[in-house]
Amino acid sequence: MSKRVILLVGTPCVGKTSVAHLLTSKLGALYVNLTDLALHENLVLGRDEERNSIIVDENRMRCEMRKIIQDCSENDIVIDGHYAAGVVHKELVDHVFVLRRDPVELRKFMEHCGFSGRKLWENLASEILDVCLCDTLNVYEEEKICELDTSSRSVKEIVYAILEVLNGSKQCHVGIVDWLGKLESEGLLEKFLRI
Ligand SMILES: Nc1ncnc2c1ncn2[C@@H]1O[C@H](COP(=O)(O)OP(=O)(O)OP(=O)(O)O)[C@@H](O)[C@H]1O
Ligand SMILES: [Mg+2]
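Residues numbered from 1 in each chain as written. Chains lettered and ligands numbered in written order. Predicted model: local features only at pLDDT ≥ 70, side-chain atom pairs only at ≥ 80, totals over all residues. Heavy atoms only, no water.

With that settled, the discussion passes to the overall build of the chain. For the chain, the helix and strand inventory stands at 10 helices and seven strands. Pairs at least 24 apart in sequence give 76% of the contacts found in the chain among residues at least 6 apart. About 10,000 Å² of surface is accessible on the chain, with carbon and sulfur atoms providing 49% of the total. (Helix = DSSP H or I, 4+ residues; strand = E, 2+ residues; numbered from the N terminus. Contact = heavy atoms within 4.5 Å. Areas by Shrake-Rupley, 256 points an atom, 1.4 Å probe, with all protein chains shown as cover.)

This part takes up the site of ligand 1. Taken together, 15 residues lie near ligand 1, and Gly15, Lys16, Thr17, Ser18 and Arg153 sit nearest. In this structure, Lys16 approaches ligand 1 through a side-chain N or O atom, which is 2.7 Å from an oxygen atom. One of the side-chain nitrogen or oxygen atoms of Ser18 is found 2.6 Å away from an oxygen atom of ligand 1. In isolation ligand 1 has 630 Å² of accessible area, and contact with the protein removes 65% of it. Counting residues per element, the ones that place at least two in the shell around ligand 1 are helix H1 (16-27), helix H5 (103-112) and helix H8 (155-166). The class makeup of the residues in the shell around ligand 1 is seven nonpolar, five polar and three charged. (Near = heavy atom within 4 Å. Polar contact = N/O pair within 3.5 Å; in protein donor to acceptor, adjacent residues only side chain to side chain. Nonpolar A, V, L, I, M, F, W, Y, C, P; charged D, E, K, R; others polar.)

Moving on, we get to the packing of aromatic side chains. Applying the stated criterion to the full structure yields one aromatic pair. Relative to Phe192, the ring of Trp121 has its centre 6.4 Å away and its plane inclined at 85°; by these criteria the two rings are edge-to-face. Separated by 71 residues along the polypeptide, Trp121 in helix H6 (residues 117-128) and Phe192 in helix H10 (residues 189-192) bring together distant segments of the chain. A residue is classified by how much of its surface remains accessible, and Trp121, at 10% relative accessible area, is buried. Here the guanidinium or amino end of Arg107 rests over the ring plane of Phe192, the centre of that ring lying 5.7 Å away. Just above the ring of Phe115 sits the side chain of Lys119; from NZ or CZ to the centre is 5.0 Å. (Phe/Tyr/Trp six-rings, centres within 6.5 Å; stacked < 30°, edge-to-face > 60°. Buried < 20%, exposed > 50% of the residue type's maximum accessible area, 1.4 Å probe, protein only. Lys NZ or Arg CZ within 6 Å of the ring centre and 35° of its normal.)

Okay, the state of the cysteines next. If you walk through the whole model with that rule in mind, you get one disulfide. What pairs with Cys146 in a disulfide is Cys172, and their sulfur atoms sit 1.9 Å apart. For the disulfide bridge between Cys146 and Cys172, the dihedral angle about the S-S bond is near 50°, and by the sign convention the bridge is right-handed. Within this pair, whereas Cys146 is found in strand E7 (residues 145-149), its partner Cys172 is found in the loop between H8 and helix H9 (179-185), the two being separated by 26 residues in sequence. On the basis of relative accessible area, Cys146 is assigned to the buried category, the value being 3%. Between Cys63, a cysteine without a disulfide, and Cys72, which holds the nearest cysteine sulfur, the sulfur-to-sulfur distance is 18 Å. Accessibility expressed as a relative area gives 52% for Cys63, which makes it exposed. (Disulfide = S-S within 2.5 Å.)

What follows is the structure, given as structure tokens:
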């Protein structure tokens, strides 16, 4: 059986790591967290002080990921990181799951994670404007991409939905959420889209 490379991407705090951990244990997979990898292997170009985040050296990260995928003895590899689309070669990837969450709910998750001010509104704007989905569509073939609405769903339910797609019992598509339209119809667009 050839190795399956599964990417989990999405806006910060959407739930990637929580889902990736359970999915990894269900599949007996190798787990790679790109932020941890960047820090451990020093694949960092510098810090973005304004956003309080690291700037990843994407070229070195791409080489490192190729090595990890080639050397891995597990059948499945679960890769977790919001910039995964830039750092794993498209021919190596089998499935990309883009996790989406209603911005009203995501705001609460972000606040719980300690986000506030500009960083909170910038990341919420990314979710509302489908930035992560667009980045993913720019790199990978659409048939490899599965967009999942995780709003009000437990980690277990989300992992179950992913397993159904992986085992072929459920089809998956992109273009399943419309946060702009939803917020507008709820009269919340101006409140949420501040940047
Ligand atoms: N389906 C869920 N239901 C309820 N809470 C959740 C769910 N998924 C994640 N959480 C909680 O939301 C927070 C963010 O989750 P998590 O760390 O998995 O997100 P992430 O996408 O990996 O974030 P980051 O981009 O910062 O790494 C955590 O406190 C987690 O416990
Ligand atoms: Mg995470």
